[in-house]
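# Observations on the model geometry
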Amino acid sequence: MNQLKQMALFAVGLSVLSACGGQSGMNLGDDEFAVMAVQSTSSDQAASYPATIKGTQDIEIRPQVSGFVVKLCVDEGATVKKGQALFLIDDTQYKAAFRQAEAQVKVAEANVNTLSLTEKNKKMLHEQQIISDFEYQTAVNNLLSAEASLAQANAALVSAKQNLDFCTVTSPSNGVVGTFPYRVGALVSASISEPMTTVSEINNMYVYFSMTEKDLLGLTRAGGTLKEQLEKMPAVKLQLADGSMYEFEGKIDAVSGVIDQSTGSVSMRAIFPNEKNILRSGGMANVIFPYVMENVILIPQNATVEIQDKKFVYVLQADNTVKYTEIKISNMNDGQDYIVMSGLKSGDKIVTEGVQTLRDGQKITPITQEQQEAKYQQALQDQREGNLSTAFN
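The following paragraphs examine the structure supplied in this document. (Residues numbered from 1 in each chain as written. Predicted model: local features only at pLDDT ≥ 70, side-chain atom pairs only at ≥ 80, totals over all residues. Heavy atoms only, no water.)

## Quick word on the nonpolar core
Core analysis: the largest hydrophobic core is formed by 31 residues, its most contacted members being L86, V177, V188 and M196. Excluding its chain neighbours within four sequence positions, the residues that come into contact with V188 are P63, V65, S66, G67, V69, I89, Y182 and M196. Grouped together as the second largest cluster of nonpolar side chains are 25 residues, I202, M211, F272 and V287 included. (Core = buried A, V, L, I, M, F, W, Y, C linked by side-chain atoms within 4.5 Å. Buried < 20%, exposed > 50% of the residue type's maximum accessible area, 1.4 Å probe, protein only. Contact = heavy atoms within 4.5 Å.)

Pasting the structure below:
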């Protein structure tokens, strides 16, 4: 029976340790509590801002002539080069107009040649005073009129050639094409409400996000102009929609000069390389903005007690009693430590373990965290060896 009782106590002891999260929250049955002296330090932090990804250029592709789409030259999402054909529009009427313009040029050229010969002949007769000034000047004017008609015909030919070329819709830059709302057989024109597609330059990608006015003021107060601060800023990271981190870092390269009064934020832009074409225009992500907080106090989260959304710690007094003290913390939370904004000063000593069992004004025996760890390990060893009489002393 004694052996069964020992085994039961051993199991209970292990369950108590487990329920308390190991050593966290335990004082191992005595008045000894681990304390630590807090010190001002610097802390590497990272703020996350929702962002939108855009190509360095998102160019809407619109036709400049009217007609039916007769061919799609590339697939949606294809990577294209500048000048590469994207769509073909029926060019029947534009070929006819071009040939007609060519014919008009030839007629105008022939007329100019004829009137040029006439002018030369009239000039010779005028010099010999065979014809009057009026007759010669009429020949000159007829030639000038014919030359103007030729220029007009040439301009019409250029316009007809341009319209014919516009029947082949080409990419204005290197990039990736978007979706095709118009397919073969669709009637398109320069006045269509939706572009035929969009070509996005994606060698580098712009990532747009907004920073609060408070954060912006923190940057400008750090010294120098905002532009100078942006140049000094460390590289930013990008968290993709699936939660993974993008392998390349980016750099903030632009900031809006106007604060949005409705949101109290300012728009900013970072640029990221896109060598592997992972980033796509229109995608969503989070910009991870690193920064350093100076002269802050970090304390472990398990050293605090929370009551009605307020955080408290037990501060060790000179007579080894503890004082229940409210603290203000930053909203930055890494899951392990809190950044104390007020309530503690450098040199204060706080209880770090077992705070749930303390009360205001209680007298304790302070020990170091190393001493408490040693006690905890000894208690585990005593339990494993069956020394239950000493495991909870």
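Read on for the rest.
## Digging into the environment of I59
If you trace the backbone, I59 turns up in strand β2 (residues 40–61). The exposure class of I59 is partly exposed, given its relative accessible area of 21%. For I59 and S173, which are 114 residues apart along the polypeptide, the C-alpha to C-alpha distance reads 8.5 Å. In contact with I59, other than residues within four places in its own chain, are P172, S173, T197, T198 and V199. (Helix = DSSP H or I, 4+ residues; strand = E, 2+ residues; numbered from the N terminus.)

## Description of the packing of aromatic side chains
Considering all chains together, one arrives at 8 aromatic pairs under this definition. Ring centres 6.3 Å apart and planes at 90° place the aromatic pair Y49 and F289 in the edge-to-face group. Placement of the pair is Y49 in strand β2 and F289 in strand β13 (residues 284–300), with a sequence separation of 240 residues. Accessibility expressed as a relative area gives 6% for F289, which makes it buried. With centroids separated by 5.2 Å and ring planes inclined at 40°, the aromatic side chains of Y314 and Y324 adopt a geometry described as tilted. Here Y324 lies in strand β16 (residues 322–329) and Y314 lies in strand β15 (residues 310–316), a separation of 10 residues in the sequence. One aromatic cluster is present, formed by Y49, F209 and F289 through successive ring pairs. Stacked on the ring of Y206, the Lys or Arg R269 has its end atom at 3.8 Å from the ring centre. (Phe/Tyr/Trp six-rings, centres within 6.5 Å; stacked < 30°, edge-to-face > 60°. Lys NZ or Arg CZ within 6 Å of the ring centre and 35° of its normal.)

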